[in-house]
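Chains, contacts and geometry: an overview
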Amino acid sequence: MPAKWFAKSQTPALDSSERMRVRYILLGALWATCYVLAIGYHLLLWSAGEPASPTVTGVYHVVVLTSYGALWLLLAHLFQHRTPAPGRIFWTVLLLGILYVGLGYLVTRIPPVGLIGYSPETDLPLAPTAPFKVSLLALLKATFAFVLLLRFRDLVLVKRTKSSRRNWYLMIGFMGIAALSGFMKSPQEGVGLIQGLAIIPAVVFMVVNSFRLSWIVSLSFKGKMAISGIAFLLLILLSGMAGIDVESGGNFELVPGALQSVLYYSYPLAIFTGLAVYFGILYCTTAFLSLLFHLPTTGDYQRKVGEMATMHSLTHLVSQVFDPEKLFTTIAASPIEACSAQASWLTMPVLEEGAFRPRIVAAQSIEAERVEQLMDVRALFDEVRSTRAPLMLPQALADHRINARPGDGIGSLLVTPLLARDQVLGVLFATKEITHGFEPDDVEAISVFAAQAALALDNARLFEEQLEKERLTRELTIAREVQMKLLPQRLPVLPGVTLAASSVSALEVGGDYYDFVQLDENRLALIVGDVSGKGTSAAFYMAEMQGIFQSVSRLAPSPRDFLYHANVALADSLEKNVFISVIYGVLDLQKEEFVLARAGHCPAALIGLNGEARYLRSRGLGLGLDRGALFRKTLVEERVRLQPGDVFVLYTDGVVESRNEAGEEYGYDRLLEVLAANRHEDAPELHTALLKDLHAFMGSKEYDDDMTLVVLKWHGIEMGRAAAVESVPQTSPAAVDGRTPSETAMEPPPNLTK
Amino acid sequence: MSNFSVGFRTNGDVQVLDLKGELDAHTASELEAAIQRCQSENHCKIVVNGEGLMYISSAGLGVFMAYIEELREEGGDIKIAALQPKVYNVFDLLGFPMLFDIVETEEEAIARFRKEKEEGAEG
């Protein structure tokens, strides 16, 4: 597709350049033919020695005008697409003028030197060289005059309006008419009434066009200085070319006799070139004077342009909120645009060792390292941070915080805070080489910009924070899902036993853990644990605990052995300030006993059928508290003979430490009371009843700790049925998480409903 | 917002920390800072007076575990005194009495430091 397009677009391009070349060749050929014919006419005049008939003379003039018409068109095509750079235009015209004067002078050295070479009486050439002399001079002068007009055209039409174009073409048209009014006139005749009348409108439009100087405004100070100089030189050159009064003779003319020569060659051409030179004089005069008058206001103009550019970049600030680096660069560059500062940089506060230090996040026209060498950025930053107002050092070198020397380019310094929501988000520095470089206007412009920039910075920061927050939330959601998978997805089913379990986290992830492992047909290991602390770190240790339970319980199922191995396994990975409290038990259906041990955990509650309720508070250190022999030495197992109707409740401290709005704890006593009161319920109902009571106690208060609750009820079994142990999907609550456990606990885990 | 505070007192060469309020995951860093300060001032013998301590969470207990080893290596110790019964129960459940000297009064704790010093001098 691009190739096709390319091919399509190339053909007309080739065509047009081909056509241009043909046009050049044709015009060149036309001009050359006519030019040679004209010389031939003059040579014939010389050899004949008498004037030609009016018809022949008329034909000659038509040929000459055709020749120069062709030359004009040729040059017009040549200069068609030049960019209107004022400096370049003046330079080229001046150089061409000098070239014309130089070459013209050489032509006048063709003998007869000092004479035009034509008889004043008969208008006939006096020497065979004379025709060449006049035609060469005419060619040189016409070329210069045409180029001058064509180049100045670009300046006059810099700001194209309908009238500017019209005025220009009218001027050229009237110049042409004025020129034609001299058709067939003898060189001896002065400017008559008809010519005078024809010249007046041409002159009027020359004046009108010479005031089209809008290109001056956008020039820099240097540019204005340079062009006014060139325009002045050109003005002198053109005046010299025009001569002051040719009629009286003896006047100064840069190319002696040029005007007379062109008159002998072609009267209309002489008028046209003369008018062109006069237009040049006019235009150079107005340009020169305008340039001079505009010089003092250049600074103001540049400042306005800079301010506009800055205001323009303000609108870009908003879109750069998503790209902080670009935003910093734009802000740092603003003082250079807004008030022509030499260098500028943006610093932002960075928290280091408990204090805010400035860091240069973007610098323009200066290196960040260089800035640090030149001044105490931190001191200036701190001052502006505390005063919250722009700080101006008109004579920066005199300030003790500036280490720069004269010549380092730090003449004056402007330090502006970027304030948003009463916070200093950044500080913008701008320097100028000169002392007292910043005017009130500059301070104003930078302050306006600073306010906008601060808003953009603030938005960028909020945006980034929001992104970070969303990312963290996403991460935590994943962590939570992973952690949920670590809790049992289904409860084991054993004959004569009912189970219910739930766990909620105060944060997205928590350090509570409960789990079951079916050791064999008759034995079930269960665990409830609580990692110290909350949140992510606790969640990692909880995961480790899960791994230990799932593996070690199968190898060393007895509570003493299991906890000993778990303590050893955890010793290396636990932080000094982290420990895990665990209660671990093995339910043996065959022996009808429950053996459990407590490693620093809340004691299990045991409620008998008769309402007798007690805590099984055996001795034992939390995992990770002692990494030596003390742990094993102090650990005590508790062995309970199962009686039908026995209820064991294992939980974490979140349950007993739950507080109501008055700040009272739920407590061990209330827990035991509620369990005793509901002891006839089966495990799931008992579980629900306890959470309901807990919820009622807490009122509207949110959980502020992880909370886990496991209820086991022994119904008793007939011997022989004990073997029928299997695992079915959990219908009672387990591993269900949420803010309202009493409601969600009754639903199966999400992965089972899918 | 924080309802926890640590007061500093010295009793001879023993640094007494008076804990007030609730020591949980949010306020644990304050106790941490207090113990670090004792360490940096070379007060390795610390008595924590828990009379005003109304609640302690596992994260709060963790602070004691974090520093006890270092302090003991430097010849010091943390002795815990005058705990409220409910707070003592938390210490007790985890088995802290097997790891720390937990006594009824501050005086007793200081006396224990003196006794240890004398024993150390004799030995």
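Residues numbered from 1 in each chain as written. Chains lettered and ligands numbered in written order. Predicted model: local features only at pLDDT ≥ 70, side-chain atom pairs only at ≥ 80, totals over all residues.

1. Focus on the confidence of the model for chain A
Residue and element names in this part refer to chain A. A residue-level look at chain A finds 91% of positions with pLDDT of 70 or above and a mean pLDDT of 85. The lowest-confidence element of chain A is helix 21 (residues 741–744), averaging 36 in pLDDT; the highest-confidence one is strand 15 (residues 647–651), averaging 97. Low pLDDT, under 50, characterises residues 1–10; the stretch is placed with 0 contacts to residues that sit more than four places away or in other chains. Counted against residues more than four places away or in other chains, residues 245–249, with its pLDDT under 50, gives 5 contacts. (pLDDT = per-residue confidence, 0-100. Helix = DSSP H or I, 4+ residues; strand = E, 2+ residues; numbered from the N terminus. Contact = placed C-beta atoms within 7 Å.)

2. Describing the sheet that holds strand 14 (residues 637–641) of chain A
Residues and elements named next belong to chain A. Strand order in this open sheet of 5 strands is 8-9-10-11-14, and the pairing throughout is antiparallel. Unpaired on one side and paired on the other, strand 8 (512–518) and strand 14 mark the two borders of the sheet. Across the sheet, the mean angle from the axis of one strand to that of its neighbour is 15 degrees, orientation sign disregarded. As defined by bridge partners, strand 8 adjoins strand 9 (residues 523–531) across 7 bridges and the pair is classed as antiparallel. Pairing of Val-517 across the sheet is with Ala-525, part of strand 9. Strands strand 10 (580–588), strand 11 (593–599) and strand 14 of the sheet are contacted by helix 16 (residues 559–571), whose axis makes an angle of about 150 degrees with strand 10. (Pairing = 2+ DSSP bridges. Axes fitted to C-alpha atoms, helices over the stretch in contact; angles between N-to-C directions.)

3. Re the interface of chain A and chain B
Taken together, the contact pairs 18 residues of chain A with 14 residues of chain B. Each residue belonging to the side of chain A that touches chain B can be placed in one class, and the counts come to 6 nonpolar, 8 polar and 4 charged. (Nonpolar A, V, L, I, M, F, W, Y, C, P; charged D, E, K, R; others polar.)

4. Topic: the sheet that holds strand 7 (residues 497–504) of chain A
Residue and element names in this part refer to chain A. As summarised here, the arrangement of the 5 strands in space is 7-16-15-12-13, forming an open sheet in which the pairing is antiparallel. In the strand order of this sheet, the two ends are held by strand 7 and strand 13 (613–616), each with one partner. Neighbouring strand axes in the sheet, compared pairwise and without regard to direction, differ in orientation by 15 degrees on average. Looking at chain direction, strand 12 (residues 604–607) and strand 15 are connected through 3 bridges and run antiparallel. Note that in strand 15 the partner of Ala-605 across the bridge is Val-649. Helix 19 (residues 667–677) contacts strand 12, strand 13 and strand 15 of the sheet and is inclined by roughly 35 degrees relative to strand 12. Against the sheet, helix 20 (residues 683–698) makes contact with strand 7, strand 15 and strand 16 (707–714), and its axis sits at roughly 145 degrees relative to strand 16, the strand it touches most.

5. Regarding the nonpolar core
Residues and elements named next belong to chain A. Counting residues in each nonpolar core, the largest one holds 113 residues, and the members touching the most others are Val-649, Leu-675, Leu-709, Val-710 and Val-711. If one sorts the elements of this core by residue count, helix 15 (residues 535–555) sits on top with 8 residues. The residues contacting Val-710, other than those within four sequence positions of it, are Ala-501, Tyr-514, Leu-526, Val-528 and Leu-650. Formed by 79 residues, the second largest nonpolar core is a distinct cluster that contains Phe-90, Ala-130, Ile-271 and Phe-272. (Core = buried A, V, L, I, M, F, W, Y, C linked by C-beta atoms within 7 Å. Buried ≥ 20, exposed ≤ 12 C-beta atoms within 10 Å, placed from the backbone.)

6. Here's the deal with unusual backbone geometry
Residues and elements named next belong to chain A. Positioned with a positive phi, Met-184 is a non-glycine residue whose angle comes to about 70 degrees. By the element assignment, Met-184 lies in the loop between helix 5 (162–180) and helix 6 (193–209). One non-glycine residue with positive phi stands out, namely His-436, at about 50 degrees. The residue His-436 is located in the loop between strand 5 (423–432) and helix 14 (440–486) in this model.

7. A closer look at the packing of helix 6 of chain A against helix 9 (residues 267–294) of chain A
Residues and elements named next belong to chain A. Running from N to C, helix 6 and helix 9 point in directions that differ by 30 degrees, and their axes come no closer than 9 Å. On the basis of the axis angle, helix 6 is roughly parallel to helix 9. Every pair of crossing elements has a handedness; the one defined by helix 6 and helix 9 is right-handed. Contacts from Ala-202, Met-206 and Val-207 of helix 6 reach helix 9 at Leu-275, Tyr-278, Phe-279 and Leu-282. Each residue belonging to the contact of helix 6 with helix 9 can be placed in one class, and the counts come to 7 nonpolar, no polar and no charged. (Parallel < 35°, antiparallel > 145°, perpendicular 65-115°, else oblique. Left-handed = near helix turned anticlockwise from the far one by under 90°.)

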